[in-house]
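Letter by letter, the chains look like this.
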Amino acid sequence: MTLKYELIKESKDSKARLGKITTPHGEIETPVFMPVGTRATVKAMTPEEVKDLGASIILSNTYHLYLKPGHELVKRAGGLHKFMNWDGPILTDSGGFQVFSLGELRKIREEGVDFRSHIDGSKHFISPEKSIEIQNALGSDIMMCFDECVPYPSDYDYTKDSMERTTRWAKRCKDFHEDWDNQALFGIVQGGMYKDLREKSAHDLVEMEFSGYAIGGLSVGEPLELMNEVLDYTVPLLPKDKPRYLMGVGSPDYLFEAVIRGIDMADCVLPTRIARNGTAMTNNGKVVIRNAKYSEDFGPLDSECDCYTCKNYSRAYIRHLFNVDEILALRLTTIHNLYFLIKLMERIRNAIREDRLMSFREEFYKKYGYIED
RNA sequence: GGAGGAGUACCCAAGUGGCUAAAGGGGACGGACUGUAAAUCCGUUAGCUAAGCUUUCAGUGGUUCAAAUCCACUCUCCUCCA
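Residues numbered from 1 in each chain as written. Chains lettered and ligands numbered in written order. Predicted model: local features only at pLDDT ≥ 70, side-chain atom pairs only at ≥ 80, totals over all residues. Heavy atoms only, no water.

Enquirer: Sorry, what's going on with the packing of helix H9 (residues 224-234) against helix H10 (residues 252-259) here?
Expert: Pairs of packed helices are described in terms of their axes, by the angle between the two and the distance that separates them. Relative to each other, H9 and H10 sit at 20°, their axes nearing to 10 Å. Between H9 and H10, the interaxial angle falls into the category roughly parallel. Along this stretch, H9 crosses H10, giving a crossing that reads as right-handed. Facing H9, whose interface residues are Leu224, Met227, Asn228 and Leu231, H10 presents Asp253, Tyr254, Glu257 and Ala258. (Axes fitted to C-alpha atoms, helices over the stretch in contact; angles between N-to-C directions. Helix = DSSP H or I, 4+ residues; strand = E, 2+ residues; numbered from the N terminus. Parallel < 35°, antiparallel > 145°, perpendicular 65-115°, else oblique. Left-handed = near helix turned anticlockwise from the far one by under 90°. Contact = heavy atoms within 4.5 Å.)

As structure tokens, then:
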């Protein structure tokens, strides 16, 4: 197996850890935040810009690229890296989340999932094997097993059946995949909010020996405390010498809580999506830049930020761009939000290195407004 | 001077007797967003002592149990003719 995880340091004041992942397209310092580029682009950004923001790995999506432009086309283009001009590591999601989010448009059975395209309604079928075939064609550095992300809340029996099927699918993904030298494969722990199901899922997947392990089915609407609880008993079941990836988490508090429980990787559309919808994450909390109170605020989005946006543009200007529906508005806020989270993870890594993660978290929460002082 | 047309809330615009405090857009204001069907979606937008009440559809007066809607006059704007 080519993917290498090096555990550099375990935090003294929490379960956080510092590490380094080596992929065929470069190294990743962990804990890391991974920007999402579903359709082979981090929306509104060029790959060069994403790299300049400090991103060391990005996500892309099996389901979306399979529909458009088609994974065979991407393969003919020379693979996803070449196609989109990103030469760093890429992680591809398996399409499992779409199984969860497409609702009415899909039907799950043992063999796989029948989908209807959200684009034109055409019928499609994705199985674990098909998902791997697509991800092989894309050539991502890290592939994900095809899974089902169970909604919250879900009852015990449904969650159990689903989790067991996800485990069987994981086995099929692993058996189908061949080129382990160039592409790693992560298993995804499911089991909803049920401890015994999470334990069973983690146990069975760890036994299969994947390149790394993801925790799926969290951050789907449950309270933060519940996510923390699930992480508390699930993360310790995962091997220390492999990366641990919490899927779909991207608000600062969720990232902190995940990292202090031993998570190494996380991805989320949140920073890029809310950026396009007019919200910035700052050290002093959320800034809904469209609000009237910023119309004459000539200071930066975040006075403590040194990103391109904050160095050069004012809140009043960005608000104006949103008000008149200019493309640059989306770009400027996206640059800031991505930089903010990438930088936050760097600050978190430094705090782990210096054994002061818990105090950094406290300080950050107070300023951000998560806790009142 | 003559003939015709039009004036509805911040803007555009529907409504031509009661179900209209008034459709729909836009704007403004606020909110949501967490492995992206998202430059998206949702809410508010006459005033108030807000379950209820008060004042609105150019203005004034009238008809009617009831008027943005019907009638009269006035004002303003537009088009055509002289």
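Enquirer: Just to check I follow, could you spell out the environment of Lys195 for this structure?
Expert: Along the chain, the position of Lys195 falls in helix H8 (residues 195-208). Spatially, the C-alpha atoms of Lys195 and Val230 are 7.1 Å apart, while their sequence positions differ by 35 residues.

Enquirer: Help me understand a positive patch on the surface in this model?
Expert: Together, Arg39, Lys43, Lys68 and Arg273 give the surface a local cluster of positive charge. Mapped onto the secondary structure, Lys43 falls in the loop between strand E4 (32-35) and helix H1 (47-52). A relative accessible area of 34% places Lys43 in the partly exposed class. (Patch = residues over 30% accessible without salt bridge, like charges linked within 9 Å, V, L, I, M, F, W, Y side chains within 5 Å. Areas by Shrake-Rupley, 256 points an atom, 1.4 Å probe, with all protein chains shown as cover. Salt bridge = Lys/Arg side-chain N within 4 Å of Asp/Glu carboxyl O. Lys, Arg positive; Asp, Glu negative; His and termini not counted. Charge placed at Lys NZ, Arg CZ, Asp CG, Glu CD. Buried < 20%, exposed > 50% of the residue type's maximum accessible area, 1.4 Å probe, protein only.)

Enquirer: Can you walk me through the nonpolar core in this structure?
Expert: Generally speaking, a soluble globular protein has its nonpolar side chains buried in company with each other. Counting residues in each nonpolar core, the largest one holds 97 residues, and the members touching the most others are Leu231, Leu246, Ile348 and Leu357. The greatest single-element share of this core, amounting to 13 residues, is contributed by helix H14 (residues 327-353). With sequence-adjacent residues up to four places away left out, Leu246 is seen in contact with Ile215, Leu218, Met227, Leu231, Ala258, Ile263, Met265, Ala266 and Asp267. Counting residues in hydrophobic clusters, the runner-up holds 19 residues, among them Ile21, Ala184, Ile188 and Met265. (Core = buried A, V, L, I, M, F, W, Y, C linked by side-chain atoms within 4.5 Å.)

Enquirer: I tried to follow the layout of surface pockets on my own but got confused; where do I start?
Expert: Gaps left between atoms are located by rolling a probe of water-molecule size over the structure's atoms. Considered as a void within the structure, the largest pocket measures approximately 940 Å³ in volume. Along its surface, the largest pocket is lined by 39 residues, and Val36, Phe97, Asp267, Val269 and Arg273 are the ones closest to its centre. Mapped onto the lining of the largest pocket, the elements with two or more residues apiece are strand E5 (58-61), helix H5 (96-101), strand E14 (265-268) and helix H11 (270-276). Top contributing element to the lining of the largest pocket by residue count: H11, with 5 residues. Taken together, the residues of the lining of the largest pocket break down into 15 nonpolar, 17 polar and 7 charged. In this structure, the second largest pocket occupies an estimated 150 Å³ of space. Of the residues forming the lining of the second largest pocket, the biggest block, 3 residues, is contributed by strand E8 (residues 113-116). Considered class by class, the residues forming the lining of the second largest pocket number 2 nonpolar, 1 polar and 6 charged. (1 Å grid on protein atoms, 1.4 Å probe; cavity = no way out; pocket = protein on both sides within 12 Å on 5 of 7 lines; lining within 4 Å. Points joined across faces, edges and corners; volume = space filled by probe spheres on them. Nonpolar A, V, L, I, M, F, W, Y, C, P; charged D, E, K, R; others polar.)

Enquirer: Sorry, what's going on with the protein's contact with RNA strand B here?
Expert: Around RNA strand B, the structure places 43 residues, and the nearest of them are Cys149, Ser219, Met247, Gly248 and Val269. Among all atoms of RNA strand B positioned within 4 Å of the protein, those belonging to sugar or phosphate total 45%. Between RNA strand B and His64, the relevant distance is 3.3 Å, taken from a sugar or linking oxygen to a side-chain nitrogen or oxygen of the residue. One of the side-chain nitrogen or oxygen atoms of Asp267 is found 3.1 Å away from a sugar or linking oxygen of RNA strand B. Within the residue set of the surface near RNA strand B, elements represented by two or more residues are E5, H5, E14, H11, strand E16 (285-288), helix H13 (315-323) and H14. Ranked by residue count, the leading element in the surface near RNA strand B is H11, at 5 residues. For the surface near RNA strand B, a count of residues per class yields 17 nonpolar, 17 polar and 9 charged. (Near = heavy atom within 4 Å. Polar contact = N/O pair within 3.5 Å; in protein donor to acceptor, adjacent residues only side chain to side chain.)

All quantities given are derived from atomic positions and should not be read as evidence of function.
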